[in-house]
Amino acid sequence: MTINEDQRRILRDIDATTPITESETDWAVKAGYAVLAEDGDIDLTQEARALLDQT
């Protein structure tokens, strides 16, 4: 799977715990690249981590 630069930035921001918008969070979760905890924390999936490791 390939992602564009803006999507890559979103994943990097999640990894660095930089705040992102609700729509960015929604994209990452719906795409399967992130998971949300009940307390609102967000974390990358293994697939997203693998994508970031490619760069």
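Definitions and limits used
Residues numbered from 1 in each chain as written. Predicted model: local features only at pLDDT ≥ 70, side-chain atom pairs only at ≥ 80, totals over all residues. Heavy atoms only, no water. Helix = DSSP H or I, 4+ residues; strand = E, 2+ residues; numbered from the N terminus. Rg over C-alpha atoms; globule rule 2.2 N^0.38 Å. Buried < 20%, exposed > 50% of the residue type's maximum accessible area, 1.4 Å probe, protein only. Contact = heavy atoms within 4.5 Å. Areas by Shrake-Rupley, 256 points an atom, 1.4 Å probe, with all protein chains shown as cover. Lys, Arg positive; Asp, Glu negative; His and termini not counted. Charge placed at Lys NZ, Arg CZ, Asp CG, Glu CD. Polar contact = N/O pair within 3.5 Å; in protein donor to acceptor, adjacent residues only side chain to side chain.

Colleague: Can you walk me through the overall build of the chain in this structure?
Modeller: When helices and strands are tallied, the chain shows three helices and two strands. Reading the helices (α) and strands (β) of the chain from amino to carboxyl end gives α-α-β-β-α. A compact globule built from 55 residues should have a C-alpha radius of gyration of about 10 Å, and the chain, at 10 Å, falls within 12% of that. Its C-alpha atoms give the chain principal-axis dimensions of about 30 × 20 × 20 Å. Across the 55 residues of the chain, 31% fall into the buried class. Residue pairs in contact within the chain that sit at least 24 positions apart in sequence constitute 32% of those at least 6 positions apart. Element-wise, carbon and sulfur atoms account for 48% of the exposed surface of the chain, whose accessible area totals about 3800 Å². Both charge centroids of the chain, one from 5 positive and one from 13 negative side chains, sit 6 Å from each other.

Colleague: Explanation requested: the environment of Thr17 in the structure shown.
Modeller: Here Thr17 lies in the loop between helix 1 (5-15) and helix 2 (22-30). Note: C-alpha distance between Thr17 and Ile42 (25 residues apart in sequence) is 8.3 Å.

Colleague: Where do I start with helix 1 in this structure?
Modeller: In an α-helix there are 3.6 residues to a turn, and that puts residues three or four apart on one side. Residues Gln7, Arg8, Ile10, Leu11, Asp13 and Ile14 constitute the buried set of helix 1. Summarising the contacts, the buried residues of helix 1 are in contact with helix 2, strand 1 (34-36), strand 2 (42-44) and helix 3 (46-53). One side-chain oxygen of the residue at the start of helix 1 lies 3.0 Å from the amide nitrogen of Asp6, identifying that residue as Asn4. Of the residues flanking the end of helix 1, it is Thr17, one or two places downstream, whose phi is positive at about 60 degrees.

Everything listed is a geometric property; what it means functionally is a separate question.
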